Amino acid sequence: VPLLIFPPYKELPTTGSYTDIGTKTYTWTDESRVETLDNSGSKRNVTVTFYYPEEATEKCPLVIFSHGAFGFEKSNYSSYAELVSNGYIVASISHTYHAFFTKETDGTTKIFNTDFIQEAVDATNGEYAIEDEYQLTKKWMEVRMGDANFILDTIIRNCSEGKDEFFQKIDLEHIGAYGHSMGGATAVELGRTRDEIDAVVVLDGTLLGMYTGVENGVYTFIQDEYQKPLLNMMAMDHYDNSVRYTEEDAHAYVNMYTVEHAKIGKTVVIEGTEHMNLTDLPVFSPFLAGMLGTGDRDAREAIEITNDCVREWFDCYLKNDG
């Protein structure tokens, strides 16, 4: 059974000159928030893993990653490796209880919150009235944005305090954010609300943070110009559904509107793909990925295209290269 679910696979090649990937994991406690996804009454813990080029002697741009609903912090490891090989540091957040599992630095493992999973599945299956769905998205994004802001603030504080030598490797003048699915929505909202973020990529996620309410049965959303360079990467089925939604309801899909009205915005659609093709899952577990949604595009080719686009976007807007 393990071999069926996780067959042997070859890691994807990287294009950069750095070959040694270092990792550092921290579990930090946000004293400003009480944990709402368990019954402990404790403050919320958030775990983040940094992937960095061990050989680098200069400061490296920082890219913050947020996984999808019941994903996990290594969901897009091949893209971290690609970025690290090209001189980036990636901070991958594990959103406690939104992740399939989170392993904290004291050895504690916390698995997903079952109520959250059920809400997400039911919302995907259209079980909620749109007004109720909107309230759920607000609740989810509050957790996600609380984590993302806390992690960014803690990184900035550690860089300024100089107590941990590792943080002196981070170039705070050049910071990007990206994520898959709900994590992509988190990255976009982080880019909208934080001046420190210089460029954003969303991997097949609906921009939930842009919603402002519901009127006449459709979502309303922020229509101000999005100020950060925004790359909207979509699986083919997501793109087709967004076009159909716009045609049937005569109401622009939030992703398309936001990109079209961004200062710098582009959409990339990868033909023959579905939602999970923009993660590593189809490469290291075709069985699980097939249950969750993959297209007929070769899995390695799809994720290589994804990773190339992510790197090129950040190269252009964080390094002014290309």
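Nothing here was measured: the structure is a model prediction, and the numbers come from that model.

1. A closer look at the overall build of the chain
Here is step 1: Helix and strand counts for the chain stand at 10 helices and 12 strands.
Here is step 2: Its C-alpha atoms give the chain a radius of gyration of 19 Å, within 12% of the compact-globule value 20 Å for 322 residues.
Here is step 3: Considering only C-alpha atoms, the chain reaches an extent of 55 × 50 × 45 Å along its principal axes.
Here is step 4: Taking all 322 residues of the chain together, the buried fraction comes to 54%.
Here is step 5: Residue pairs at least 24 apart in sequence account for 72% of intrachain contacts in the chain once pairs closer than 6 positions are excluded.
Here is step 6: Averaging the locations of the 25 positively and 53 negatively charged side chains of the chain gives two centres separated by 6 Å.

2. Thoughts on a nonpolar patch on the surface
Here is step 1: A cluster of nonpolar residues, Leu4, Phe70, Phe100, Phe101, Ile111, Val121, Phe287, Met291 and Leu292, forms a patch on the protein surface that exposes about 870 Å² of accessible area.
Here is step 2: Considering each element in turn, the nonpolar patch owes the most residues, three residues, to helix α9 (residues 286–292).
Here is step 3: Secondary-structure assignment places Met291 in helix α9.

3. Describing the pattern of salt bridges
Here is step 1: Scanning the model with the defined rule gives 14 salt bridges in all.
Here is step 2: Residues Lys110 and Glu104 are paired through a salt bridge, measuring 3.1 Å at the closest nitrogen-oxygen approach. Each member of the pair, Lys110 as well as Glu104, carries the same accessibility label: buried.
Here is step 3: The salt bridge involving Glu301 is made with Arg297; its shortest N-O contact spans 3.0 Å.

4. Things to note about the side chain of Ser78
Here is step 1: As for its position among the elements, Ser78 is in helix α2 (residues 77–85).
Here is step 2: The exposure class of Ser78 is buried, given its relative accessible area of 9%.
Here is step 3: There is a polar contact of 2.9 Å between the side chain of Ser78 and the side chain of Asn307.
Here is step 4: Apart from the residues lying within four places of it in its own chain, the contact partners of Ser78 are Leu12, Asp280, Ile303 and Asn307.

Cut-offs and rules
Starting afresh in each chain, residues are numbered from 1 along the sequence in its written order. Totals for whole chains, interfaces and linings use all residues, but because this is a predicted model, local features are given only for residues with pLDDT of at least 70 and pairs of side-chain atoms are given and counted only at 80 or more. Derived side-chain values reflect all non-hydrogen atoms in the structure, with water molecules and hydrogen atoms excluded from consideration. Elements are defined by DSSP. Helices are runs of H or I of four residues or more, strands are runs of E of two residues or more, and each kind is numbered from the N terminus. We take the radius of gyration over the C-alpha atoms and set the globule estimate at 2.2 Å times the residue count to the 0.38 power. Buried means the residue's accessible area, taken with a 1.4 Å probe over protein chains only, is under 20% of the maximum for its type, while exposed means over 50%, and partly exposed covers the values in between. Any two residues whose heavy atoms approach within 4.5 Å at even a single point are treated as in contact. Under this rule, positive means Lys or Arg and negative means Asp or Glu; His and the chain ends count for nothing. The location of each charge is read from NZ of Lys, CZ of Arg, CG of Asp or CD of Glu. Nonpolar side chains (Val, Leu, Ile, Met, Phe, Trp, Tyr) within 5 Å and like charges within 9 Å form the patches, drawn only from residues with over 30% relative accessible area and no salt bridge. Computed with the Shrake-Rupley method and a 1.4 Å probe, the accessible areas treat only the protein chains shown as cover for residues. Any carboxyl oxygen of Asp or Glu within 4 Å of a side-chain nitrogen of Lys or Arg constitutes a salt bridge here. Counting of polar contacts relies on pairs of N or O atoms within 3.5 Å, with two restrictions inside protein: one atom must be capable of donating a hydrogen and the other of accepting it, and residues adjacent in sequence are counted only when both atoms are side-chain atoms.

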